[in-house]
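Structure assessment
Residue strings, one per chain:
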Amino acid sequence: MADSPGGKERRVVPVEEEEASGPNGGVAETKGPKHAETETETREQPAAGPKPGQEEQQHEAGGESSTVAPAPADALPHWTQPACHPLQNYEEDFDEDDDNDSALGDDGASSTASLSASILEYRTIHGRTYHSNIGNAEYWGPNDDRQLESMDLSHHAFTLLLEDKLFLAPIPDDVQKVLDVGTGSGIWAIDFADKYPQAEVIGTDLSPTQPGWVPANVKFEVDDATLVWTFRPNVFDFVHMRDLFGSIQDWNSLYRQAYKCIKPGGYIEDFECSVVISSDDGSVAPGMACYDWGRIFHEAGRKMGRPMDVVERGIVPAGLKAAGFVDVVERRYRLPLTAWPADKRLREVGAIQHWAAQEGLEGYAMYLLTQQLKWAPERVQLLLACIRKELRSNKLHPYAWVQVTYGRKLEVGE
Ligand SMILES: C[S@@+](CC[C@H](N)C(=O)[O-])C[C@H]1O[C@@H](n2cnc3c(N)ncnc32)[C@H](O)[C@@H]1O
């Protein structure tokens, strides 16, 4: 039962039941998967799942990586993971007319469990840490504090780019269940939960790197979004994704999974950035490191079998439509990469994004270029030094395209 499609096994440890309230108002340090035990269980109940200790995850640290000794799993009680991954094919099981009623067993078993130790076996590659071997996943970005800080900065730039909005989809103000797939530092999920205190927000990621002190209505689960989703059909009002470029082999399958789990009439939104550094005035030109950056990344994505050119290929709108979403709306923005725009808001976006890049550039590049393109680390550092120098010069007007796409699941009978 615990075999994933990737052939890896998950070790499951018993569920912790504790929950401690935080000292200040709505903020609580969650110490167990209590949020999962709400009126309508969000995850499918596990069937005959493995018993604790019955399985050991086979962990191999490949290539030049080494493994960081894991922290004891019970030292991180506020993240959970799905208690099992199903082998059954939900595409077959899913009945479009079955609104919210799961046919699966109601045996009272919890559908999430506290973290297994193997999840914390981060790999170290050239001084940066990366997610443990989990499911089918191969995410190229580090999960260390430096990269998380860069993600947080980008979050502020992205939100400002959207004129202080966390999303564009026309979801109702009384939105109830929300999923943020590949939540990273968890900052989007936390901000959303703050803004919509009545909503129950779940953030999933390969790494349990989100903070412990979060609003009481948000929780985090370690999960590989490229496996069959174990959420119940028709359970979410809104599914959000951001910057999964380079992480997904089969985008159509990802959106099909989301379609299944969204309520009729609910929304999905995906915010994706291009990795190509563009300019309208030719200030980013052939021969420059900034010009080469995107092309190098596209090649690395191709090698990995996980496209980076998601915006260029229109993968999101096509994938959402193919999954069955309707009223698909696509918006494109120029994300300034330095503080060059005359417009005050966009100049601030550029300044923050420049700061984020300084923190994050090495993390974006190191795994992809050394592991996929077989560059020496010194060559990567040289490229990074050139990029930093070019971005610091006042002569460039660089930006990256951002594409925000949302769509709606059909109502029953529509
Ligand atoms: C570029 S970061 C974006 C983080 C966050 N969405 C944001 O915009 O702040 C991509 C995130 O997706 C996560 N990720 C990549 N592949 C994943 C997968 N197969 N399942 C779940 N999360 C994944 C990574 O661990 C990382 O945290």
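Everything numeric in this text was worked out from a predicted model, so none of it was measured.

Rules used throughout
- Residues numbered from 1 in each chain as written.
- Predicted model: local features only at pLDDT ≥ 70, side-chain atom pairs only at ≥ 80, totals over all residues.
- Helix = DSSP H or I, 4+ residues; strand = E, 2+ residues; numbered from the N terminus.
- Buried ≥ 20, exposed ≤ 12 C-beta atoms within 10 Å, placed from the backbone.
- Contact = placed C-beta atoms within 7 Å.
- Right-handed = clockwise from strand over helix to strand, strands pointing away.
- Pairing = 2+ DSSP bridges.
- Near = placed C-beta within 6 Å.
- Nonpolar A, V, L, I, M, F, W, Y, C, P; charged D, E, K, R; others polar.
- Axes fitted to C-alpha atoms, helices over the stretch in contact; angles between N-to-C directions.
- Parallel < 35°, antiparallel > 145°, perpendicular 65-115°, else oblique.
- Left-handed = near helix turned anticlockwise from the far one by under 90°.
- pLDDT = per-residue confidence, 0-100.

So, the overall build of the protein chain
Within the protein chain, the secondary structure is distributed over eight helices and 15 strands. Within the protein chain, buried positions represent 49% of all 414 residues. Expressed as a percentage of contacts within the protein chain between residues at least 6 apart in sequence, the contacts between residues at least 24 apart total 75%.

Focus on the pairing of strand β8 (residues 177–181)
Among the five residues in β8, five count as buried, and that is most of the element. In β8, alternate side chains face the same way, and those of K177, L179 and V181 on one face and V178 and D180 on the other are all buried. Handedness of the crossover is the feature at issue here: the chain leaves β8, passes through helix α3 (residues 187–195), returns alongside strand β9 (residues 200–205), and the resulting connection is right-handed. Bridging between β8 and strand β12 (residues 236–242) involves four bridges; their strand directions are parallel. From the neighbouring strand, V178 faces β12, where its bridge partner is F238.

Regarding the environment of G203
Structurally, the position occupied by G203 is in strand β9. Under the C-beta neighbour-count criterion, G203 is labelled buried, with 28 such atoms within 10 Å. Through-space distance from the C-alpha of G203 to that of V178 is 8.5 Å; in sequence the pair is 25 residues apart. Not counting residues within four places of it along the chain, the set of residues in contact with G203 comprises D180, T183, G186, A189, Q210, V218 and F220.

Section: unusual backbone geometry
In this model, D243 sits at a positive phi of 55°, which is unusual for a non-glycine residue. Relative to the helices and strands, D243 resides in the loop between β12 and α4 (251–261). Even without being a glycine, K374 presents a positive backbone phi close to 60°. Mapped onto the secondary structure, K374 falls in the loop between α7 (344–372) and α8 (377–392).

What to know about the site of the ligand
For the ligand, the set of nearby residues contains 22 residues, the closest of which are G182, G184, A225, R242 and S247. Class assignment of the residues belonging to the shell around the ligand gives a composition of eight nonpolar, 10 polar and four charged.

Quick look at the packing of α7 against α8
In the contact formed by α7 and α8, the axes pass within 10 Å of each other and the chain directions differ by 155°. One element, α7, and the other, α8, form an angle in the roughly antiparallel class. Considering the relative orientation of α7 and α8, their crossing is right-handed. Here H354, A357, Q358, L361, E362, A365, M366, L369 and T370 of α7 lie close against α8, whose contacting residues are P377, V380, L383, L384, I387, R388 and L391. Class assignment of the residues belonging to the contact of α7 with α8 gives a composition of 11 nonpolar, three polar and two charged.

Observations regarding the confidence of the model for the protein chain
Taken over all residues, the pLDDT of the protein chain has a mean of 81, while the share at 70 or more is 75%. For residues 48–70, every residue scores under 50 in pLDDT, and the model assigns this stretch 47 contacts once sequence neighbours within four places are set aside. Low pLDDT (under 50) marks residues 85–109, which in the prediction has 35 contacts with non-local residues, meaning those over four places away or in another chain.

As for the environment of D152
Along the chain, the position of D152 falls in helix α2 (residues 145–161). Judged by local crowding, D152 falls into the partly exposed class, with 15 C-beta atoms found within 10 Å. Through-space distance from the C-alpha of D152 to that of A356 is 8.1 Å; in sequence the pair is 204 residues apart. Apart from the residues lying within four places of it in its own chain, the contact partners of D152 are S185 and I187.

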